[in-house]
Amino acid sequence: MLHFPRWKALSIIFAVLLGVIFAMPNVVDKESWSRLPFVNGLQPLVLGLDLQGGSHVLLEVDRADLQNQLSRQTIGDIRQVLREQKIPYSGLGRSPTGVTVRITNSADVDRAMTALRRLSQPVETGFFGSGITSNEFELRRNGDVVMFELTRAGIEAKIGRAIQQSLEIIGKRINALGTTEPTIQRQGVDRILIQVPGLQDPERLKALLGQTAKLQFRLVCEAQPQTADERPPADCEEVPDRENAEQVLWVQTSSRATVDGEDLTDAQPSFDGRTNEPIVTFRFNQKGALRFGKLTQENVGRPFAIVLDNKVVSAPVINEPILGGTGQISGNFSTQEANDLAIVLRSGALPAKLTVVEERTVGPSLGSDSIRAGVFATVIGTIGVLIFMLVGYGFFGLIANFALFANLAMLVGLLSLLGATLTLPGIAGLLLTLGMAVDSNVLVFERVREEWRSGRSPVSAIETGFRAALATVVDANLTTLIAVAVLFGLGSGPVRGFAVTLGLGIITTVFTAFTLTRLIIAYWLWSYRPKVVPL
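Read on for a plain summary of the structure. Given the structure is predicted, the values throughout are model-derived calculations rather than measurements.

The rules behind the values
- Residues numbered from 1 in each chain as written.
- Predicted model: local features only at pLDDT ≥ 70, side-chain atom pairs only at ≥ 80, totals over all residues.
- Heavy atoms only, no water.
- Core = buried A, V, L, I, M, F, W, Y, C linked by side-chain atoms within 4.5 Å.
- Buried < 20%, exposed > 50% of the residue type's maximum accessible area, 1.4 Å probe, protein only.
- Helix = DSSP H or I, 4+ residues; strand = E, 2+ residues; numbered from the N terminus.
- Contact = heavy atoms within 4.5 Å.
- Phe/Tyr/Trp six-rings, centres within 6.5 Å; stacked < 30°, edge-to-face > 60°.
- Salt bridge = Lys/Arg side-chain N within 4 Å of Asp/Glu carboxyl O.
- Pairing = 2+ DSSP bridges.
- Axes fitted to C-alpha atoms, helices over the stretch in contact; angles between N-to-C directions.
- Parallel < 35°, antiparallel > 145°, perpendicular 65-115°, else oblique.
- Nonpolar A, V, L, I, M, F, W, Y, C, P; charged D, E, K, R; others polar.
- Expected span 1.5 Å × (residues − 1).
- Bend = angle between axes of the 7 residues up to and from the residue.
- Disulfide = S-S within 2.5 Å.

Here the focus is the nonpolar core. Among the nonpolar cores identified, the biggest contains 40 residues, and Ile78, Leu82, Ile170 and Ile194 are the most heavily contacted of them. Among the secondary structure elements, those contributing two or more residues to this core are β2 (54-61), α4 (63-84), β4 (98-103), α5 (109-116), β8 (145-150), α6 (152-175), β10 (191-197) and α7 (202-210). What Leu82 contacts, discounting residues up to four positions off in sequence, is Ile87, Tyr89, Val101, Ile103, Ala112 and Leu116. Grouped together as the second largest cluster of nonpolar side chains are 28 residues, Ala267, Ile306, Phe333 and Ala338 included.

With that settled, the discussion passes to the packing of aromatic side chains. According to the stated counting rule, one finds 14 aromatic pairs in the structure shown. Ring centres of Phe282 and Phe292 lie 6.1 Å apart, and the angle between their planes is 80°; this geometry places the pair in the edge-to-face category. Residue Phe282 is found in strand β16 (residues 278-284), and its partner Phe292 is found in helix α8 (residues 286-298); the two are separated by 10 residues along the sequence. Both residues of the pair, Phe282 and Phe292, count as buried. With a centroid separation of 5.7 Å and 85° between ring planes, the pair formed by Phe396 and Trp524 is classed as edge-to-face.

So, about the pattern of salt bridges. Under the criterion given, the structure shown has 15 salt bridges. In this structure, Arg140 and Glu149 form a salt bridge, with 3.1 Å as the shortest nitrogen-oxygen distance. For Glu149, a relative accessible area of 22% puts it in the partly exposed group. Taken together, the shared-partner salt bridges in this structure form one network comprising Arg63, Glu156 and Asp190.

Now for the sheet that holds strand β18 (residues 311-314). Reading across the sheet, the four strands line up as β14-β11-β17-β18 and stay open at both edges, with antiparallel pairing between neighbours. The sheet terminates laterally at β14 (258-260) and β18, the two strands that pair on one side only. Each adjacent strand pair in this sheet contributes to an overall mean axis angle of 30°, direction not counted. As paired elements, strand β11 (residues 215-219) and β14 share three bridges and run antiparallel to each other. Paired with Gln216 across the two strands is Asp260, which belongs to β14. Relative to the sheet, α8 contacts β11, β14 and β17 (304-308), its axis offset from that of β14 by approximately 155°.

What follows deals with the packing of helix α12 (residues 458-490) against helix α13 (residues 494-528). Across the interface, α12 lies against α13 with an axial gap of 9 Å and an inter-helix angle of 170°. Our classification of the angle between α12 and α13 gives roughly antiparallel. Class assignment for the residues of the contact of α12 with α13 results in 22 nonpolar, five polar and two charged.

With that out of the way, let us pick up α13. Spanning 35 residues, α13 covers 48 Å between terminal C-alpha atoms, matching the ideal 51 Å at 1.5 Å per step. At Thr512, α13 shows its largest bend, some 35°. A positive phi of about 50° marks Arg529, the residue just after α13.

The full count for this structure, using the stated rule, is one disulfide. Two residues, Cys221 and Cys236, share a disulfide whose sulfurs are 2.0 Å apart. The S-S bond linking Cys221 to Cys236 shows a torsion near -125°; that makes this disulfide left-handed. Note that Cys221 is positioned in the loop between β11 and β12 (236-240) and Cys236 in strand β12, a separation of 15 residues in sequence. The exposure class of Cys221 is buried, given its relative accessible area of 6%.

Let's shift gears to the sheet that holds β2. Read across the open sheet, the four strands follow the order β9-β10-β2-β20; overall the sheet is antiparallel. Edge positions in the sheet fall to β9 (183-187) and β20 (354-362), since each of these pairs with one other strand and no more. The average angle at which neighbouring strand axes cross in this sheet is 15°, direction not considered. As defined by bridge partners, β2 adjoins β20 across eight bridges and the pair is classed as antiparallel. Paired with Gly54 across the two strands is Val362, which belongs to β20. In the packing of α6 onto the sheet, contacts are made with β2, β9, β10 and β20, and the angle to β9 comes to roughly 170°.

Pasting the structure below:
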């Protein structure tokens, strides 16, 4: 067990050196590190929100807004199905629990029920893929009235899909800010947790995430309100101005007078060449360009409103057809507002409105205090472990201390290589790893001491000690690794960070205890041929 082929010894040394190289960016300043071209791509550990400060926001899906969207979508689907089946109807509109429609001819009710039943899609409601399904809607009949009632399972399924889509869109928006290692994850059924280290402006983050970014280009109605209590015509609706909510504009509701922003392929901040004010330029795909070109070609000389999240951003006049599929949005933006608007338009519209449930900001001074406290605790703990091993095991303790530093370097190097984010629980994991690292050496050294005192030779005592302690060390670390897996699987955020650090620490600990320490002791044995074991 103390015999190491040359290739194995070189592999162990190479692995330790790699760990040291990957860990170096964390202790060498960036300027000095950048002068080494062969390691220029390596990055230091990213500090978490609790260490470098930043913004923490918890968002929740607005259920009422989502149900309104589902009702509007259902109304459109019902209208289309009944028109395709040529079934006359009336009274199509929302109800407290869904949507209702009255079939004009009683003889058509059964045919309408059959056609409309296809709109209700099955959704999964069982746990762990148990196959239990339910419908999004319950279709009921009361005489000539057909009622679509939203089911709880349908709403939960829609919320789940909205959360998944929102996670992707929010990720695109935050990454466009240029921040490093944001945390974006689902929390519970209808919430999203967002942590952005280094971002000290939570208001900007909330503004960026609070916009659903539903963009529409809608023709302005010819008639406009003259008094505050005047109601719009049947084919128009009232939309408030973005700058002044008391100022409203009547815009058309017909789909023929509207182009949605779903077909946008790009949006970039820019400056108007005439006024030098910040604007946002946009570009449609082929489908959107055709619709936008047709709308502007047929309505030259008429104003059309640019509506973002049901607020009028601007209402320019169509001076000439816009056939190239590109245009610009102006609205007294600041440079940052234009940049943020371009970000949300590029990333796409959120499927549902998100409201802020919780927010907090961790200042950089508090983060630096946490770093100092964590480093101080790590240093004190390390010194205590080093002294204990030196006092308790002498020369072998010195070897264990060297392996301890190699273990720490390999752990930090692995975390840096994986792009892990270091948090306060992560520092606790590092400190716990240092304490556990010498446990393996203690088990080995105590067994070696027993074998030596029982009359074995130094080589036999050391070899037997390593072999006999192997099962105990593996068992102890394996049980800890199982606990780490449970923490990682069931935990979130800081708990996962602690689990990752401790799990990697267990791997490096076993490696250094039963490869590096054994290699050093084996080299010492065959070089000096000692007559006694210095324990």
